[in-house]
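Survey of secondary and tertiary structure
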Number of protein chains: 2
Amino acid sequence: MVTPKNREAAIHDPTLPKELVFRSRCSIARSLELIGDKWTLLIIRDLMWHGKDTFQALQRSEERIPTNILASRLKKLIALGLVEKTAYQERPTRYRYALSAAGKSLEPVLQAMMDWGHQKLSGGFYDPKALDE
Amino acid sequence: MVTPKNREAAIHDPTLPKELVFRSRCSIARSLELIGDKWTLLIIRDLMWHGKDTFQALQRSEERIPTNILASRLKKLIALGLVEKTAYQERPTRYRYALSAAGKSLEPVLQAMMDWGHQKLSGGFYDPKALDE
């Protein structure tokens with residue numbers, strides 16, 4: 001929810017879009033507006049740690065992200081400057097995705113969540129190779 | 001999405017509900033199923049750091065969580081064993097909310113998100129007292 005008071009607290013980081021306006025001044029609330037959903041951090045995980053760099057590779061993860069959600073989250077991450085998209089082939093054009101420096105700086109968030117899921121939810125360390133057969 | 005394969009990987013932590021079934025073995029994916037939304041970690045923040053322990057106090061945070069979302073998230077957090085609810089008054093009955101040990105163990109996740117929001121999103125350290133006038 002954007003209120004006039006929140007609007008005054010808009011971000012100043014030049015690497016992020018000017019039009020990004022937050023619901024509060026709290027750093028946690030701001031982070032959650034960018035990455036607070038069930039899928040965004042999984043895409044960041046795959047780009048960060050699992051060598052996935054194409055739409056197809058990202059789709060093949062164990063969680064089976066729906067195509068439309070993957071497309072919309074990548075678009076959002078690119079608009080936020082957290083992911084970069086570059087063409088690596090023409091006719092047909094194919095794209096590679098990679099984390100920007102700002103995207104890579106999310107590693108401690110991934111790490112903290114992984115540690116918690118490992119300790120409390122009996123989660124393991126995801127091995128993408130075992131699932132790509 | 002729950003598939004038979006995921007079902008086999010159901011959690012073993014005795015402090016969490018047996019019926020909790022995850023979409024993957026990944027610790028991050030599992031954590032996101034519990035806390036991967038825009039509001040849950042804000043409630044945990046308020047219980048952890050800001051001395052808020054009643055429904056009314058939680059409602060008065062800067063982000064103005066909608067009443068129905070607060071009620072449903074608290075219910076879910078209690079079912080997950082992350083929050084405990086105790087009656088502190090009768091006629092009318094009033095409840096206090098507090099983090100369980102499992103809930104408190106989310107502190108490093110909050111901290112990592114706060115650090116990121118502080119560095120990248122110009123977020124500040126939320127002062128609930130300034131907003132409770």
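An account of the accompanying structure is given in this report. Numbers given for residues are sequential positions, taken from 1 along each chain in its written order. Each chain takes a letter, starting from A, and each ligand takes a number, starting from 1, following the order in which they are written. Totals for whole chains, interfaces and linings use all residues, but because this is a predicted model, local features are given only for residues with pLDDT of at least 70 and pairs of side-chain atoms are given and counted only at 80 or more. The basis for every side-chain value is the complete set of non-hydrogen atoms in the structure, without hydrogens or water.

**Some remarks on the overall build of chain A**
In this text, helices come from DSSP runs of H or I with a minimum length of four residues, and strands from runs of E with a minimum of two, each type numbered from the N-terminal end. For chain A, the helix and strand inventory stands at 7 helices and 2 strands. The linear arrangement of helices and strands in chain A, starting from the amino end, is α-α-α-α-α-β-β-α-α. Counting all 133 residues of chain A, 51% fall into the buried class. Across chain A, every contact between residues at least 6 apart in sequence was considered, and the portion connecting residues at least 24 apart equals 44%. Accessible area is worked out with a 1.4 Å probe on protein chains only. A residue is then buried under 20% of its type maximum, exposed over 50%, and partly exposed in between. We call two residues in contact when some of their heavy atoms are within 4.5 Å.

**Some thoughts on the interface of chain A and chain B**
Contacts between the two partners involve 53 residues from chain A and, on the opposite side, 53 residues from chain B. By definition, the buried area sums, over both parts, the 1.4 Å-probe accessible area that each loses when the two are put together. Taken together, the two surfaces of chain A and chain B that pack against each other cover about 4700 Å², and 63% of this comes from carbon and sulfur. Only one rule defines a salt bridge in this text: a Lys or Arg side-chain nitrogen within 4 Å of an Asp or Glu carboxyl oxygen. Counting across the chain A and chain B interface gives 2 salt bridges. In this structure, Arg25(A) and Glu62(B) form a salt bridge, with 3.0 Å as the shortest nitrogen-oxygen distance. What qualifies as a polar contact is a pair of N or O atoms within 3.5 Å, subject to a donor-acceptor requirement within protein and to the restriction that residues adjacent in sequence count only when both atoms come from side chains. Here chain A is connected to chain B by 26 residue pairs in polar contact (both at pLDDT 80 or more). Mapped onto the side of chain A that touches chain B, the elements with two or more residues apiece are helix H1 (4-8), helix H2 (27-35), helix H3 (40-49) and helix H7 (107-120) of chain A. Among the elements that take part in the side of chain A that touches chain B, H7(A) stands out by supplying 11 residues, more than any other. When grouped by side-chain class, the residues that make up the side of chain A that touches chain B number 27 nonpolar, 13 polar and 13 charged. Amino acid classes used here: Ala, Val, Leu, Ile, Met, Phe, Trp, Tyr, Cys and Pro are nonpolar; Asp, Glu, Lys and Arg are charged; the rest, including Gly, are polar.

**Focus: the pairing of strand S1 (residues 83-89) of chain A**
All names here are of chain A. Two strands pair under a simple rule: DSSP has to find at least two bridges between them. When S1 meets strand S2 (residues 94-99), the two strands line up antiparallel, connected through 6 bridges. Within S2, the residue paired with Thr86 across the bridge is Arg96. From the end of S1 to the start of S2, which pair antiparallel, there are 4 residues, and Arg91 there has a positive phi angle of about 45 degrees.

**Here's the deal with the packing of H3(A) against helix H5 (residues 67-79) of chain A**
All names here are of chain A. Fitted lines through C-alpha atoms serve as axes, helices being fitted only where they are in contact, and the angles separating the N-to-C directions of these axes extend from 0 to 180 degrees. Where H3 meets H5, the closest approach of the two axes is 10 Å, and the angle between their N-to-C directions is 75 degrees. When the interaxial angle is binned, H3 and H5 end up roughly perpendicular. In contact with Thr40, Ile43 and Ile44 of H3, H5 contributes Leu70, Arg73, Leu74 and Leu77. A breakdown of the residues in the contact of H3 with H5 according to their chemical character gives 5 nonpolar, 1 polar and 1 charged. Should an angle fall under 35 degrees it is taken as roughly parallel, and over 145 as roughly antiparallel, whereas 65 to 115 is taken as roughly perpendicular and any remaining angle as oblique.

**Quick word on the environment of Glu107(B)**
All names here are of chain B. Mapped onto the secondary structure, Glu107 falls in helix H7 (residues 107-120). C-alpha of Glu107 to C-alpha of Ser27: the two residues are 80 residues apart in sequence and 16 Å apart in space. Once you skip the residues sitting within four places of it in the chain, Glu107 turns out to touch Met48 and Trp49. Of the polar contacts made by the side chain of Glu107, one reaches the side chain of Trp49; its length is 2.8 Å.

**Quick word on the packing of aromatic side chains**
Residue and element names in this part refer to chain A. Only Phe, Tyr and Trp rings are paired, with Trp represented by its six-membered ring, and only when their centres lie within 6.5 Å; those with planes under 30 degrees apart are stacked, over 60 edge-to-face, the remainder tilted. This structure, assessed with the given rule, holds 0 aromatic pairs over all chains. Geometrically, a lysine NZ or arginine CZ counts as sitting over a ring once it is within 6 Å of the ring centre and also within 35 degrees of the ring normal. Lys85 extends its terminal NZ or CZ atom over the ring of Tyr95, reaching a point 4.3 Å from the ring centre. We note Arg96 situated over the ring of Tyr88; from NZ or CZ to the ring centre the distance is 4.1 Å.

**Re the relation of the copies chain A and chain B**
Superposing copies: least-squares fit, C-alpha atoms only, residues required to have pLDDT of at least 70 in both. Note on the copies: chain A fits chain B at an RMSD of 0.0 Å, the axial shift is 0.0 Å, and the rotation between them is 180 degrees. The relationship between the two copies is best expressed as a two-fold rotation axis. Relative to the rotation axis, the C-alpha of Asp37(A) is the closest in chain A, positioned 2.2 Å from it. Comparing interface residues between copies, 100% of those in chain A also lie at the interface in chain B; the contact surface is shared.

**Focus: unusual backbone geometry**
Here Arg91(A) and Pro92(A) are connected by a cis peptide whose omega angle stands at -5 degrees. With phi around 45 degrees, Arg91(B) is a residue other than glycine that occupies positive phi space. Relative to the elements of secondary structure, Arg91(B) occurs in the loop between strand S1 (83-89) and strand S2 (94-99).

**Notes on the pattern of salt bridges**
A full pass over the atoms with the stated rule returns 12 salt bridges over all chains. Across the pair Arg73(B) and Asp37(B) runs a salt bridge, and its minimum N-O distance is 3.3 Å. Taken together, the residues Arg73(B) in helix H5 (residues 67-79) and Asp37(B) in the loop between helix H2 (27-35) and helix H3 (40-49) connect sequence positions 36 residues apart. With a relative accessible area of 10%, Asp37(B) lands in the buried category. The network of salt bridges with shared partners includes Arg45(A), Asp46(A) and Glu63(A).

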